[in-house]
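# Analysis of the macromolecular model
For reference, the chains in residue letters:
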Amino acid sequence: MTVIPALHSEITAATNRLLATAAGLSPADLSAPSNLPGWTRGHVLAHLARNADGLLNLLAWARTGVETPQYPSLAARVAGIEDGAGRTPAEHLADLEDGAVRLARAIREQPAQAWSGMVRALRPPWHPAWYVLVRRIRELEIHHADLGAGYGPADWPAAFVRRELHDCLASWPYGQSTVGEITLLGEPPDTWRDLGGDAAAPGGGLPAVAGGPVDVLAWLTGRSRGEGIRVVREGHAVPEPPPWLSQPAPPGLPAAPPDDYP
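The structure reproduced in this document is the subject of the present report. (Residues numbered from 1 in each chain as written. Predicted model: local features only at pLDDT ≥ 70, side-chain atom pairs only at ≥ 80, totals over all residues. Heavy atoms only, no water.)

### Section: the packing of aromatic side chains
By convention here, two paired aromatic rings are described through the distance between centres and the angle between planes. Heads up, the condition is: Only Phe, Tyr and Trp rings take part, Trp by its six-membered ring, and two of them pair if their centres are within 6.5 Å. Stacked means planes under 30 degrees apart, edge-to-face means over 60, and tilted covers everything else. Lysine and arginine charges are scored as sitting over a ring when NZ or CZ, respectively, is within 6 Å of the ring centre and within 35 degrees of the ring normal.
All told, the structure shown has five aromatic pairs when counted by the stated rule. Look at W156 and F160: their rings are 5.5 Å apart centre to centre, the planes differ by 75°, and that puts the pair in the edge-to-face class. Taken together, the ring pairs in this structure connect W130, Y131 and Y261 into an aromatic cluster. When the ring centre of Y71 is taken as origin, the NZ or CZ atom of R77, which lies over that ring, is 6.0 Å away.

Right, here's the structure in full:
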């Protein structure tokens, strides 16, 4: 048994939560601003629909060996979102449901060996196809919260939070870090992470911060202003979070789907 069934189950649950929220949005709700600057809620839903299409392309690439980019270009990605943003509630819901059905079918029918095929997003790094499922969960959970329609970081499942913190720290922007240490509170025992610095100054003299896993992830991904985050070392205010590069995948992933991840 590999991690594929568990990830597929997470996708199904996250999709159902998103569809329930989308089904309750009126035309006025969809045209209202989301939590993402410059995007309405309609833009967010259109992005999630087109993201399903793009990830289907990557699964096809891994299955056939024929290069099939996630999007033809960055401009095409932007155009797809803009074209779909103004749809009616029924059209948005149908688009999301159609993508979910096609993605679920592709996951069920993907040959076992194809999960190890190497693919990439619009930018590096390359990653094995099984990680496409992790990326879909990330899109669903983060952007569901971005709708600002009653679902937020506090609603993120624990498995998602644990995995995203793992991948965030694995892809840490050391050269641009604003934080020297992070302590995740509430997980017995508290988890501490040294984020670099010279031996004479742990963390390079940067602030050490602490917070619950959800609060830390929301802050690191730019989905909070630092609520629930406190500075451990005296003399520092809560810093701006490090630049969230939204790496498609962390380095060092195993090619074959592991039994569990992380």
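### Focus on the pairing of strand β3 (residues 181-184)
What counts is decided by this rule: For every residue, the accessible area (1.4 Å probe, protein chains only) is compared with the maximum for its type, and the residue is labelled buried under 20%, exposed over 50%, or partly exposed between those bounds. For helices the rule is a DSSP run of H or I covering at least 4 residues; for strands it is a run of E covering at least 2, with both sets numbered from the N terminus onward. Each pair of strands is called paired provided DSSP finds at least two bridges between the two strands.
Across the two faces of β3 the burial is the same, with E181 and T183 and I182 and L184 all buried. In this structure, β3 lies alongside strand β5 (residues 208-211), joined through four bridges in parallel fashion. Among the inter-strand pairings, E181 is bridged to a residue of β5, identified as A208.

### Considering helix α4 (residues 74-85)
Operational definition: Multiply 1.5 Å by the residue count of a helix minus one, and that product is the helix's expected span. Directions from the helix axis toward the C-beta atoms define the arc. Here, two residues are considered to be in contact whenever any of their heavy atoms come within 4.5 Å of each other.
Here α4 spans 17 Å end to end across 12 residues, near enough to the 16 Å set by a 1.5 Å rise per residue. Of all the positions in α4, only G80, I81, G84 and A85 are classed as buried. Within α4, the buried residues cover an arc of 125° as seen down the axis, which keeps them to one side. Of the residues in α4, the exposed ones pointing more than 90 degrees away from the buried face are A75 and D83. Elements in contact with the buried residues of α4: α3 (41-64) and α5 (89-109).

### Let's talk about the side chain of H43
Under the convention used in this document: Each polar contact in these results corresponds to two N or O atoms within 3.5 Å; when the atoms are within protein, one needs to be able to donate a hydrogen and the other to accept it, and residues that are neighboring in sequence are counted only if both atoms are side-chain atoms.
Along the chain, H43 falls in helix α3. Since its relative accessible area comes to 10%, H43 is described here as buried. At 3.3 Å, the side chain of H43 and the side chain of E82 are in polar contact. Non-local contacts of H43, meaning those with residues more than four positions away in its chain, are made with I81, E82 and A85.

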